[in-house]
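Listed here are the chains, written in short residue letters.
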Amino acid sequence: MQYGTTPELAEFRSEVRNFIAEYAPSIPPRAGVRSAENESEHRALQEWTARLYGAGYAGSDWPAEYGGRDDRSPDHSIIVGEELARAQVPGAQSGSVLASHALIHFGTDEQRRRHLPEIRAGRELWCQLFSEPGAGSDLASLRTKAVRSGDAYIVSGQKVWTTDGHWARYGYLLARTDAEAPKHKGISAFILDMSAPGVSVRPLRELTGTSDFNEVFFDGVEVAADAIIGAPGQGWAIANATLAHERTNVGGIVVKLRLAVEALVELASRVQINGRPAIESDRVRDRIGQFSAEIEALSALTYANLTRWLRGRERMHDAAMGKLMFSEINVELARFAVELGGEAGVLVEGDPNAIDGGRWQDEWLYARAYTIAGGSSEIMRNLIAERGLGLPRR
Ligand SMILES: Cc1cc2nc3c(=O)[nH]c(=O)nc-3n(C[C@H](O)[C@H](O)[C@H](O)COP(=O)(O)OP(=O)(O)OC[C@H]3O[C@@H](n4cnc5c(N)ncnc54)[C@H](O)[C@@H]3O)c2cc1C
């Protein structure tokens, strides 16, 4: 199944494909949502972001005065997501995408005028300052506080898992402004200048060997009162509205998995088990067939969910089913590829004997991230059980 089969959408797809072939940054493909590894990658990603916005392949749903386009629909965004996945090229940086939606829907005119053009030009990278050591799945328990003092708020506390925090110029911050209010009602959203005195960013070294996310500490950071997004106490509603926005990216995950199966078949034809090509083993063939069937089921589910969403009939558990299925298949597929590689399968990028340049090892180690980020697999199962199947809450 491929999304968008009308002649107009087919032409759009080929236009996007040509654009990616011509302008995509030459950054080594890595699994998942990764940060720039150095200055030159950072600059290349900034330029790429500017090109995506410039061509209307990102931000086409923004207000027209900020570059939105009436001739684009969610179908077009889905196709862009699929083509980026096919080419193994990153899209516009996710922190900036979330922040721009918060500004568009809840910000002031001044905030929009100041930040949206800079985000479009790739000059302003944002990070998402939501999760804390004690507040991830239960985000509403967050404890970072912002206390009003004259024309400013004073922010103290800690965030963790902050993707791109070490490159970002601004943070989209959730902090508690009212300790007395019920926990969902006492949270506000802010624009935080990452270079302000009192902000410290510490990159975390991950399983993969790279640093994509960070710890961020706030020690009495002064944030101007007009840097609040929306009204005091509206932070929870703003965060939920912006997180729910990101549905059009899901087409890319099916493309990613299908490509992974093709690469798995190719790998199984190259490596040997007991002196014979692995692809001749029944066990290997069964497993690859099973992955393929699961991915086609996921594809059907994904596009059914998208159709419901586009018609305004999305159910609470739709996205959870797709996310759970994707992240679990993704872990197992990468694990199987590492196993197929035998001893060489566990070698990492940079080792001359690594299979496929260490790609599968990186995929496998990173695959865990998808089972946690954006709602862990356990939380997805709870949602499906309670909202989808109507089982009693625990
Ligand atoms: C790669 C990556 C990038 C991320 N980037 C960002 C970012 O840029 N900004 C940001 O703010 N956050 C980011 N996050 C954080 C992410 O949103 C949280 O990791 C996620 O919400 C889970 O929270 P936690 O890690 O605190 O786990 P916890 O909530 O502490 O959960 C720990 C374990 O307990 C289980 N658990 C928790 N509650 C329940 C329950 N009610 N029932 C059953 N099991 C439960 C969980 O499934 C998990 O296995 C990122 C995470 C990852 C992995």
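Residues numbered from 1 in each chain as written. Predicted model: local features only at pLDDT ≥ 70, side-chain atom pairs only at ≥ 80, totals over all residues. Heavy atoms only, no water.

**So, the site of the ligand**
Inference 1: Contacts to the ligand come from 17 residues, most closely from Ser 131, Ser 137, Trp 161, Ser 376 and Glu 378.
Inference 2: Interatomic distance of 2.8 Å between a backbone N/O atom of Gln 128 and a nitrogen atom of the ligand.
Inference 3: Protein burial of the ligand: of its 980 Å² of free accessible surface, 68% is covered by the chains.
Inference 4: For the shell around the ligand, the elements supplying multiple residues, two or more each, are helix 11 (359-370) and helix 12 (377-388).
Inference 5: Looking at the shell around the ligand element by element, the count peaks at three residues for helix 12.
Inference 6: A breakdown of the residues in the shell around the ligand according to their chemical character gives eight nonpolar, eight polar and one charged.
Inference 7: Built from parts of two domains, the shell around the ligand gets at least three residues from each of domain 2 (126-232) and domain 3 (248-388). (Near = heavy atom within 4 Å. Polar contact = N/O pair within 3.5 Å; in protein donor to acceptor, adjacent residues only side chain to side chain. Areas by Shrake-Rupley, 256 points an atom, 1.4 Å probe, with all protein chains shown as cover. Helix = DSSP H or I, 4+ residues; strand = E, 2+ residues; numbered from the N terminus. Nonpolar A, V, L, I, M, F, W, Y, C, P; charged D, E, K, R; others polar. Domains from an automatic or database assignment.)

**Examining the packing of aromatic side chains**
Inference 1: For the structure on display, the rule yields twelve aromatic pairs.
Inference 2: On the numbers, 4.8 Å between centres and 85° between planes, the contact of Phe 19 with Tyr 57 is edge-to-face. One end of the pair, Phe 19, is in helix 1 (residues 7-23); the other, Tyr 57, is in the loop between helix 2 (39-54) and helix 3 (74-86), with 38 residues separating them in the sequence. The burial state of Phe 19 is the same as that of Tyr 57; both residues are buried.
Inference 3: With a centroid separation of 6.0 Å and an interplanar angle of 55°, the aromatic rings of Phe 291 and Phe 336 are classed as tilted. On the criterion of sequence distance, the pair formed by Phe 291 in helix 8 (residues 282-310) and Phe 336 in helix 9 (residues 318-340) is long-range, its members being 45 residues apart. (Phe/Tyr/Trp six-rings, centres within 6.5 Å; stacked < 30°, edge-to-face > 60°. Buried < 20%, exposed > 50% of the residue type's maximum accessible area, 1.4 Å probe, protein only.)

**A closer look at the nonpolar core**
Inference 1: If you look at the biggest cluster of nonpolar residues, it comprises 64 residues, and the most contacted ones within it are Tyr 172, Leu 192 and Phe 218.
Inference 2: With six residues, helix 4 (residues 94-106) is the single largest residue contributor to this core.
Inference 3: Mapped onto the domain boundaries, this core takes at least three residues apiece from domain 1 (7-92) and domain 2 (126-232).
Inference 4: In contact with Phe 218, other than residues within four places in its own chain, are Leu 129, Thr 144, Val 155, Ser 156, Gly 157, Gln 158, Lys 159, Leu 173, Leu 192, Gly 198 and Val 199.
Inference 5: Counting 25 residues, the second largest nonpolar core, distinct from the first, contains Ile 253, Ala 260, Leu 267 and Val 338. (Core = buried A, V, L, I, M, F, W, Y, C linked by side-chain atoms within 4.5 Å. Contact = heavy atoms within 4.5 Å.)

**Here's the deal with the pairing of strand 2 (residues 145-149)**
Inference 1: Pairing of strand 2 with strand 3 (residues 152-159), which is carried by five bridges, proceeds in the antiparallel orientation. Within the sheet, the bridge partner assigned to Arg 148 lies in strand 3 and is Tyr 153. (Pairing = 2+ DSSP bridges.)

**Considering the pattern of salt bridges**
Inference 1: All chains considered together, the criterion is met by 28 salt bridges.
Inference 2: Asp 138 is the salt-bridge partner of Lys 183, the closest N and O atoms lying 3.2 Å from each other. Taken together, the positions of Lys 183 in the loop between strand 4 (170-176) and strand 5 (187-193) and Asp 138 in the loop between strand 1 (126-129) and strand 2 put the pair 45 residues apart, joining distant regions of the chain.
Inference 3: A relative accessible area of 37% means that Lys 183 is categorised as partly exposed.
Inference 4: Residue class for Asp 138 comes out partly exposed when judged on its relative accessible area of 37%.
Inference 5: Look at the salt bridges and you will find they share partners, linking Arg 13, Arg 17, Glu 82, Glu 83 and Arg 86 into a network. (Salt bridge = Lys/Arg side-chain N within 4 Å of Asp/Glu carboxyl O.)

**Quick notes on the UniProt feature "domain: Acyl-CoA dehydrogenase/oxidase N-terminal" (unreviewed entry) in the chain**
Inference 1: Feature annotation in UniProt places "domain: Acyl-CoA dehydrogenase/oxidase N-terminal" (unreviewed entry) on residues 6-122, given in this structure's numbering.
Inference 2: Between the end C-alpha atoms of residues 6-122 there is a gap of 32 Å, over a span that is 61% helix and 0% strand. (UniProt positions renumbered as here; feature names shortened; annotations may be inferred.)

**Let's talk about unusual backbone geometry**
Inference 1: One non-glycine residue, Trp 161, lies in positive phi territory at about 70°.
Inference 2: Checked against the element boundaries, Trp 161 lands in the loop between strand 3 and strand 4.
Inference 3: What makes Trp 161 partly exposed here is its relative accessible area of 44%.
Inference 4: Residues other than glycine seldom take positive phi values, yet Asp 356 does so here, at roughly 50°.
Inference 5: Looking at the secondary structure, you find Asp 356 in the loop between helix 10 (342-345) and helix 11.

**Some details on the domain arrangement of the chain**
Interfaces are often sized by the amount of accessible area the parts lose when they come together.
Inference 1: Split into domains, the chain comes out as domain 1 (7-92), domain 2 (126-232) and domain 3 (248-388).
Inference 2: Here domain 1 and domain 3 have C-alpha centroids that lie 23 Å from each other.
Inference 3: Across the contact, 13 residues belong to domain 1 and 15 residues belong to domain 3.
Inference 4: Across the interface of domain 1 and domain 3, roughly 1200 Å² is buried in total on both sides, 62% from carbon and sulfur atoms.
Inference 5: Taken as a group, Ala 31, Ile 78 and Glu 82 account for 36% of the area that domain 1 buries against domain 3, more than any other trio of residues on that side.
Inference 6: Viewed at the interface, domain 3 and domain 1 are joined by two salt bridges. (Buried area = accessible area lost by both parts, 1.4 Å probe.)

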